[in-house]
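Architecture at a glance
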Amino acid sequence: MWIAATSLEAVREARSKNRGVYCKETSPAVAIFASRADELFAVDAACPHAGHRLSSGHCLDPTDIEDLLDGAGVVVSCPAHSYVYDLRSGDCVSALGGGPGRCVKRPVKLEGDVVYVRTDQALPTTSLDVPVEHRNQISLRIVDHALDAKYGAA
């Protein structure tokens, strides 16, 4: 069953702050993100590693990391332990020192200005073959971007 989760305006506002929208009205709670091209991604809100809210993590548009991860969706870093998930594949693409497998992807659609999500279905995830050096660079890039957003570019 499709559930009205939020508005496209709210997702765009969150994206402007490099965040997602937390939707507690769904069960389980979901986090919704959008690329600059308004491609929508919905995942369970809890990070698979330790349950922290992914919507509060820093996210990057696919164009910000295409040199490191071609074909990626929005990538989001867990705010607690910096595990980085590609929301197109669901794979944990960077976790310094190891990491959990994948986040739970949910079907998402847009009708008018309303973003709908299905929590009764999970989309298939894929494992990405990302070289270790690229995984580490993704972590560093997302941290660098987050620091620039908070404190300004050096």
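Starting afresh in each chain, residues are numbered from 1 along the sequence in its written order. In keeping with the model being predicted, local features are shown solely for residues with a pLDDT of at least 70 and side-chain atom pairs are shown and tallied solely at 80 or more, while totals for entire chains, interfaces and linings include all residues. Values shown for side chains rest on all heavy atoms present in the structure; no hydrogens or waters enter the calculation.

1. Brief notes about the overall build of the chain
Threshold: Helix and strand labels come from DSSP, where a helix needs a run of H or I of at least four residues and a strand needs a run of E of at least two; each type is numbered from the N terminus. Only the C-alpha atoms count toward the radius of gyration. The rule for a globule is 2.2 Å times the residue count to the power 0.38. Residue exposure (1.4 Å probe, protein chains only): buried if accessible area is under 20% of the type maximum, exposed if over 50%, otherwise partly exposed. The contact criterion used throughout is that any non-hydrogen atoms of two residues lie within 4.5 Å.
The helix and strand inventory of the chain stands at two helices and eleven strands. Secondary structure elements of the chain, listed N to C terminal, follow the sequence β-α-β-β-β-β-β-β-β-β-β-β-α. Here the C-alpha atoms of the chain give a radius of gyration of 14 Å, agreeing with the 15 Å that 2.2 N^0.38 yields for 154 residues. With respect to the principal axes defined by its C-alpha atoms, the chain has extents near 40 × 30 × 25 Å. By the burial criterion, 44% of the 154 residues in the chain qualify as buried. Within the chain, counting contacts between residues at least 6 apart in sequence, those at least 24 apart form 51% of the total.

2. Observations concerning the packing of aromatic side chains
For any pair of aromatic rings, the description consists of the separation of the ring centres together with the inter-plane angle of the planes. Under the convention used in this document: Within 6.5 Å between ring centres, the rings of Phe, Tyr and Trp (the latter by its six-membered ring) count as paired, and their orientation is classed by plane angle as stacked under 30 degrees, edge-to-face over 60, tilted in between. Any Lys NZ or Arg CZ found within 6 Å of a ring centre and within 35 degrees of that ring's normal is scored as a charge over the ring.
Taken as a whole, this structure holds zero aromatic pairs when the rule is applied. For the cation-ring pair, Arg-53 lies above Tyr-22, with the distance from its terminal atom to the ring centre recorded as 3.6 Å.

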